[in-house]
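Report on the structure
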Amino acid sequence: MTALLEVRSVSKQFPGVLANDNISLTVNPGEIVALLGENGAGKSTLVKMIYGLYPPDSGEIYFDGKKVEIQSPKQAIDLGIGMVHQHFQLVPVFSVAENVALGAEKKHLGLYDSRQAENDVAKLSEKYGLVVDPSAKIEDLPVGTQQRVEILKVLYRDAKLLILDEPTAVLTPQETDELLEVMRGFAKQGVGVIFITHKLREVLAVADRVVVLRNGKLVGETKPSQTDQSGLAQMMVGRPVVLDVKKEPAQPKAEVLKIENLVVKDDRNLVAVNNLSLSVRAGEIVGIAGVEGNGQRELVQGITGLRKIESGKVLINNKDATDASPHQVHEMGVAHVPEDRERDGLVASYSIADNLVLNRFDEAEFSRRGVRQSGPIKKLAGSLVDKFDVRTPSIETRAGSLSGGNKQKLVIARELAWEPELLIAAQPTRGVDVGSIEFIHNQIVQARDNGAAVLLVSAELDEVLGLADRVAVIYAGKIVAVLDQKDAERNKVGRLMAGGDTN
Amino acid sequence: MSKFLQRHQKAVLSTLLVIVIAYGFYFWDSVRTTSILNFSLSYALPLILAAMVGIIGERSGVVNIGIEGQMLLSAFVAFFAAVATGSLIIGAFLGMASGLLAGAFLGIAAVKWEMDQIIAGVVINIVAAGITSFYYTPGQSLPAIVPRIEIPYLSQIPLIGQVFFNKSIFVYATLILVVVLQVMLFTSKWGLRTRAVGEYPSAADTAGINVYRTRILNVAIAGVLAGTAGAYLSLDAAGWFERGFTAGRGFLALAIMIFGAWNPFGAMAAALFFGFASGMASQLQADEVINIPQQLINMLPYVMTLIILSLAAGKVRPPGAVGQPYKKEG
Amino acid sequence: MQTESDDAKKLHPSLEYLIKKQSFIVPIIAVFVALIIGSVLIYFQGANPIGAYKTILQASLGNERGLIRTLEKTTPLILAGLAVAVALRVGLFNIGAQGQLIMGAFFATWAGFTFTNLPALIHIFVGLLAGIIAGGLWAAIAGILKAYRGVHEVISTIMLNSIAIAILDYLVNYPYKEPDQPLPRTVPILESAQLPKIGFVPVGFILALLVATFISWLINRTTTGFRFNTVGANKFAAAYAGIKIKYVVVSSMLLSGGLAGLGGAIETLGITYRFEPAFNKGLGFDGITIALLARANPIATIPAAFLVGILRSGAPTLQFDYGLEPEIVDLLLALTLLFVAAPILGKLIFRKRAEKSENVSSGWGS
């Protein structure tokens, strides 16, 4: 049998990083190959070369036994390669059918035939059991449905090879199981599947073969039957990994954050946080579990003053913070690790030192009568860089040139430097290497042990379950349940995340 | 047809209303009504064309703040080429070609060089001003005037006949263009792809559409329309050229584009409204109904632009990726 | 509630490219390339390019009168350049320095002929202040429209230019017209409001140098400057850091317009002594070229403005000596702007560095 896809020793150099170093990979028809690796290991780079998003520097790609040079997604699509991207590639204002047909439009009298596209999509969705309304607008659809549209897009183009890039990141455990089932269905029909993930459980559940990348190199290949989670983790990271967070039981004290009947709207002016109530006490970590897009972002922005609160109350240490500005919230003792550190948390063109005082630049310590004091700023920066292990040549280095993990350590350092009373950490380990994840988790636990109240928001259910003393499940802008860590069993939380009942 | 009426109820009703009112005034005072409407159309025409330039650009994700310069340059080229060759047609074509050139510059600067689109547009404006003011020679006149083409029968209709069906080729071409663009943008493959590129370029890219090429081509082709607007201004509407000839029309056009919610029909209506307001003001001034110094009358379109832009904010949604250079992730 | 509307956040991320990523060598080469291309164009006009450039230098620097004129021309150019540069730091593109400048010029004149019996020092101060306030408020309109209504500042400042021209045209034709004169212009200012010279150096020029130094200090050393720069570099991070973006947008436009207004005030109080509508056409555009040549660095606006000042001051002589239209300067400056703004030269010269820096900002969208 000829392999469906054969990648022979491809390499790809980006400025400063060798993203792929001499990697070879085969996928047979009907086979599910899991591509496993940490963030930055080179998984996305590899599949993007297969999909024609960028050319390899060296090496060869064979598809259906023929040597191919895939220079554009169009060429990949024509060959029969389809890809479901980590960030959905859907035009929000277009309908489902328009998104599916885009780039492969059928014409009627010289114009795009919208009716035929809608019919085709309806047929496809029926055939594969992927329920979706072809005429619905993408921006009105929930995330899980949007993913179905992404898959329909690939099916519409008759793909022989399906690449799924971190497809489960936005799904509940139950939705994930459904997706794995859909993948098995494709494989049965002879489609080859490349499944990128960093979730070991899913790999073991669905893959026929596992290929592990680390630092741009292929470090191993195995089968689910020959390994287990810790074995995979060790291959991925290159050393034994502690999968669980070590911490003592919490000793909660006074209530620091109290949220009452909070209502916050999203960018499209729709209610995102709907009558939400929650409280966090000093010395405990409350983790918000939920599928992304259920109001987590708006909740955090509402508390921190970055988004207008429609109604309800936010109390911090019993003081009203409902209408406080970000500056005032900060003054009340609240530290905020924002979910999108590149966008909100850092100024890439500023030095590390300036970033370390980004929200404290006008405090008396760092400015006198409106003039900035570089001495104290540098002194603080020097000590924080050491204490939080930010790997950088100098405190004058541009923050933008740091790696993802070091950027996040920089933000954490800034936010924990002044011993806040409340720490709000949104996606604190997203896109961060395992070493930094361990470090950041320890810092969060330490902040708790020093008496801070911690509100943790994470899309990684494992992170919430491992770190939080209490787990609050958010669904459709409401907290649907608050469970103690010991009661927060994975499947139960998963059902709650999907809006199901507690029992 | 009934579905069309249902969906565009407001537009259809207001169009009917405008027609009824126009004829009402026509029977009251045919001379003045015809003259005001003629003025409105000739005032609106370059604005319509320029707004189409903006629409094509922004629908594909490129802000074109250099429309002013593109029009200025092509008005200049069209005029002096016509003077030099003695042919209006050659002048018009060279004017359009210079618009194409300026459009291609913007497209390449914005897409290939990832230059800030606003700065690229401002550069076009300043370079066009520099070229046209240095090479300008006063005292030239055109070899001929642009002929009116009377459309049989239709031109006999009272009011509409004189306003719409006894005009130069520029007017007919523009009106046809608006209709074609409206249809193409929303029901053709090109339109679907163009809008995808302007709304969410990475989605278009992964669907196999060449984002860079689409953007550059669209902006360059839109440049031809800017060139046509310039040629119309110097060859047809004015018949002369001077420094700073376009007087901010390129910027008014952007306001009109926003007011028209990035729709060709909407922009045309907005441009006609601008033209009508100005025509009305000059007529009232001429009749001495009102007595406002000319300087303040001249201010009117600019003030209107500011007011419209501040009212439109938040009401209309621009294409999602407008102004952002597209970069492949990496 | 201090939330910022998304409109207020729509500043230009890639302005950073102009400010930070290109070396100072690029502007110098840009000028050089523009002059070379300019010489070809001059040659095609039938004139000797080297002779023409020599004439410009001689007329602008070769004698005391020329030098004074050059310094006088440079003064408002420094301030117009600063006006554009300050706004660029915040990510705003103020292309309305022209309107702000003439507003400042008119109201400085107005203060100059309206207030009587003031001691010279105070009268001058009042005149300059009137110019600063008028220019600042005029620009603040654009700032307010940007911050609260999401109107793009490029369009609003251009519209405000035209509106300023129309209003002032009206004012000097009607209420403030010098009586019994054919030309529309105001009466002259009182002697007590006139800016003197120290030796042959106009006081206004010295003032402009001081202001540039002050602005440099403000931008680089103060918390105000930090706020400005942060909003310009990353408005989301600025909001996160508790900076009030709307306030920064409006106040930076106020400052920017105030600088342009000061430029206009110095011009009328120090040189023309009255206001005429044809006043200093195109100065605002020169301000853009200067600010971009200076890479939005306040101190660097001084040499950039001086260069433009030389061209502007020397060009009229070309008409007599070579029959060249002085508008050649517009063309030369436009070419300079083209080369300094378009990253063509930067990419050719610093190919490696440009590639490296691209790695920093990844991903799509803003």
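**A few points about the overall build of chain A**
Helix and strand counts for chain A stand at 17 helices and 24 strands. Computed over its C-alpha atoms, the radius of gyration of chain A comes to 24 Å, within 12% of the 23 Å expected for a compact globule of 503 residues. Each principal axis of the C-alpha distribution contributes one length, and for chain A these read about 70 × 50 × 45 Å. The buried share of chain A, reckoned over its 503 residues, is 50%. Within chain A, contacts between residues at least 6 apart in sequence are counted, and of these 67% link residues at least 24 apart.

**Here we look at the overall build of chain C**
Looking only at helices and strands, chain C features 18 helices and 2 strands. Across the 366 residues of chain C, 59% fall into the buried class. Taking the contacts inside chain C whose residues are at least 6 apart along the sequence as the reference set, 80% of them involve residues at least 24 apart.

**A few points about the sheet that holds strand 3 (residues 32-37) of chain A**
Residue and element names in this part refer to chain A. On the basis of which strands lie adjacent, the open sheet formed by 6 strands has the order 6-9-10-3-11-12 and mixed pairing. Only two strands of the sheet have a single partner each, and these edge strands are strand 6 (81-84) and strand 12 (217-222). The mean inter-strand angle of the sheet, taken between neighbouring strand axes irrespective of direction, is 20°. Strand direction decides the pairing type here: strand 6 and strand 9 (residues 161-165), joined by 4 bridges, are parallel. Across the sheet, glycine 82 pairs through a bridge with leucine 162, a residue of strand 9. With respect to the sheet, helix 1 (residues 43-50) is in contact with strand 3, strand 6, strand 9, strand 10 (192-197) and strand 11 (209-214), its orientation differing from that of strand 9 by roughly 150°.

**A look at the interface of chain B and chain C**
Counting residues at the interface gives 42 residues for chain B, matched by 43 residues for chain C. Here the side of chain B that touches chain C gets 11 residues from one element, more than from any other, and that element is helix 6 (residues 117-135) of chain B. Residue classes in the side of chain B that touches chain C are distributed as 27 nonpolar, 11 polar and 4 charged.

**Focus on the interface of chain A and chain B**
Listed as interface residues are 22 residues of chain A and, on the opposing side, 19 residues of chain B. Ranked by the residues each element gives to the side of chain A that touches chain B, the list is headed by helix 2 (residues 73-79) of chain A, at 3 residues.

**Structural notes on unusual backbone geometry**
The phi dihedral of asparagine 275 of chain A is positive, around 60°, even though this residue is not glycine. Following the sequence through the fold, asparagine 275 of chain A ends up in strand 14 (residues 271-281). Take asparagine 275 of chain A: there are 14 C-beta atoms within 10 Å of it, and that puts it in the partly exposed class. Phi angles above zero are rare outside glycine, and tryptophan 262 of chain B is one such case at about 60°. By the secondary structure assignment, tryptophan 262 of chain B is in the loop between helix 12 (249-259) and helix 13 (264-286).

**Description of the pairing of strand 21 (residues 422-426) of chain A**
Residues and elements named next belong to chain A. Most of strand 21 is tucked away: 5 of the 5 residues are buried. Alternating residues of strand 21 divide into Leu422, Ile424 and Ala426 and Leu423 and Ala425, and every residue in both groups is buried. Two elements, strand 18 (residues 334-337) and strand 21, share 4 bridges in a ladder whose sense is parallel. If you follow valine 337 over to strand 21, its bridge partner there is alanine 425. Summarising the sheet, strand 21 and strand 22 (residues 453-457) pair through 5 bridges and their orientation is parallel. When the sheet's bridge partners are listed, leucine 423 is paired in strand 22 with valine 454. Taken together, strand 21, helix 15 (residues 434-449) and strand 22 form a β-α-β motif whose crossover is right-handed.

**Quick word on the nonpolar core**
Counting residues in hydrophobic clusters, the biggest one holds 393 residues, and the most contacted among them are Phe195 of chain A together with Ile256 of chain B. At 15 residues, the largest contribution of residues to this core is made by helix 3 (residues 30-59) of chain B. The residues contacting isoleucine 256 of chain B, other than those within four sequence positions of it, are Leu47, Ala51, Ala267, Ala270, Ala271 and Phe274 of chain B.

**Remarks on the packing of helix 6 of chain B against helix 16 (residues 328-341) of chain C**
Relative to each other, helix 6 of chain B and helix 16 of chain C sit at 155°, their axes nearing to 8 Å. Relative to helix 16 of chain C, the element helix 6 of chain B lies roughly antiparallel. Of the two elements, helix 6 of chain B crosses helix 16 of chain C, and the hand of that crossing is left-handed. Contact residues: Ile119, Val123, Ile126, Val127, Ala129, Gly130, Ile131, Ser133 and Phe134 of chain B in helix 6 of chain B; Ile328, Asp330, Leu331, Leu333, Ala334, Leu337, Leu338 and Ala341 of chain C in helix 16 of chain C. Split by residue class, the contact of helix 6 of chain B with helix 16 of chain C holds 14 nonpolar, 2 polar and 1 charged.

**Overview of helix 5 (residues 64-89) of chain C**
Residue and element names in this part refer to chain C. For helix 5, built from 26 residues, the straight-helix expectation of 38 Å at 1.5 Å per residue is met to within 8% by its first-to-last C-alpha distance of 36 Å. With respect to burial, helix 5 is a largely interior element, 21 of its 26 residues being buried. One or two steps after helix 5, the chain reaches glycine 91, where phi turns positive at roughly 85°.

**Some points on the confidence of the model for chain C**
Residue and element names in this part refer to chain C. Confidence along chain C averages 86 in pLDDT terms, with 87% of residues attaining 70 or more. Note on residues 1-17: pLDDT under 50 across the span, and 45 contacts to partners over four residues away in sequence or across chains. This stretch, residues 351-366, has a pLDDT under 50; its non-local contacts, to residues over four places away or in other chains, come to 23 contacts. On the interface metric, ipTM, the complex scores 0.87, and its pTM is 0.88.

**Notes on the sheet that holds strand 15 (residues 285-289) of chain A**
All names here are of chain A. The mixed open sheet is built from 6 strands, whose spatial order is 18-21-22-15-23-24. Lying at the two open borders of the sheet, with one neighbouring strand each, are strand 18 and strand 24 (478-484). Taking the axes of each pair of neighbouring strands and ignoring which way they run, one obtains an average angle of 20° across the sheet. Pairing between strand 15 and strand 22: 4 bridges, direction parallel. Residue isoleucine 285 lies in a different strand from strand 22, and its bridge partner there is valine 454. Docked against the sheet, helix 17 (residues 490-497) engages strand 15, strand 23 (470-475) and strand 24, running at close to 30° with respect to strand 23.

**Here we look at helix 1 of chain A**
Residues and elements named next belong to chain A. Burial analysis of helix 1 places 8 of its 8 residues in the buried class, the great majority of the element. Within helix 1, the full set of buried residues consists of Lys43, Ser44, Thr45, Leu46, Val47, Lys48, Met49 and Ile50. Looking one or two residues beyond helix 1, the residue adopting positive phi is glycine 52, at roughly 80°.

**A closer look at the packing of helix 4 (residues 49-61) of chain C against helix 5 of chain C**
When two helices pack together, their arrangement is given by the angle between the helix axes and by the axis-to-axis distance. All names here are of chain C. The N-to-C vectors of helix 4 and helix 5 enclose an angle of 90°; their axes lie 5 Å apart at closest approach. As judged from the angle between their axes, helix 4 and helix 5 are roughly perpendicular. Residue-level inspection shows Ala59, Ser60 and Leu61 of helix 4 in contact with helix 5, the latter providing Gly66, Leu67 and Thr70. Its residues assigned to classes, the contact of helix 4 with helix 5 comprises 3 nonpolar, 3 polar and no charged.

**Description of the environment of lysine 107 of chain A**
Tracing the sequence through the fold places lysine 107 of chain A in strand 7 (residues 107-108). Among the residues examined, lysine 107 of chain A registers 11 C-beta atoms within 10 Å and is labelled exposed. If sequence neighbours within four positions are ignored, lysine 107 of chain A has contacts with Tyr112 and Asp113 of chain A together with Lys189 of chain B.

**So, the pairing of strand 2 (residues 17-27) of chain A**
Residues and elements named next belong to chain A. Note: strand 1 (residues 5-14) against strand 2, 7 bridges, orientation antiparallel. Considered in strand 2, the bridge of glutamine 13 is made with leucine 18. As consecutive antiparallel partners, strand 1 and strand 2 are separated by 2 residues, and within that stretch glycine 16 has a phi angle of approximately 90°, a positive value.

Parameters at a glance
Residues numbered from 1 in each chain as written. Chains lettered and ligands numbered in written order. Predicted model: local features only at pLDDT ≥ 70, side-chain atom pairs only at ≥ 80, totals over all residues. Helix = DSSP H or I, 4+ residues; strand = E, 2+ residues; numbered from the N terminus. Rg over C-alpha atoms; globule rule 2.2 N^0.38 Å. Buried ≥ 20, exposed ≤ 12 C-beta atoms within 10 Å, placed from the backbone. Contact = placed C-beta atoms within 7 Å. Pairing = 2+ DSSP bridges. Axes fitted to C-alpha atoms, helices over the stretch in contact; angles between N-to-C directions. Nonpolar A, V, L, I, M, F, W, Y, C, P; charged D, E, K, R; others polar. Right-handed = clockwise from strand over helix to strand, strands pointing away. Core = buried A, V, L, I, M, F, W, Y, C linked by C-beta atoms within 7 Å. Parallel < 35°, antiparallel > 145°, perpendicular 65-115°, else oblique. Left-handed = near helix turned anticlockwise from the far one by under 90°. Expected span 1.5 Å × (residues − 1). pLDDT = per-residue confidence, 0-100.

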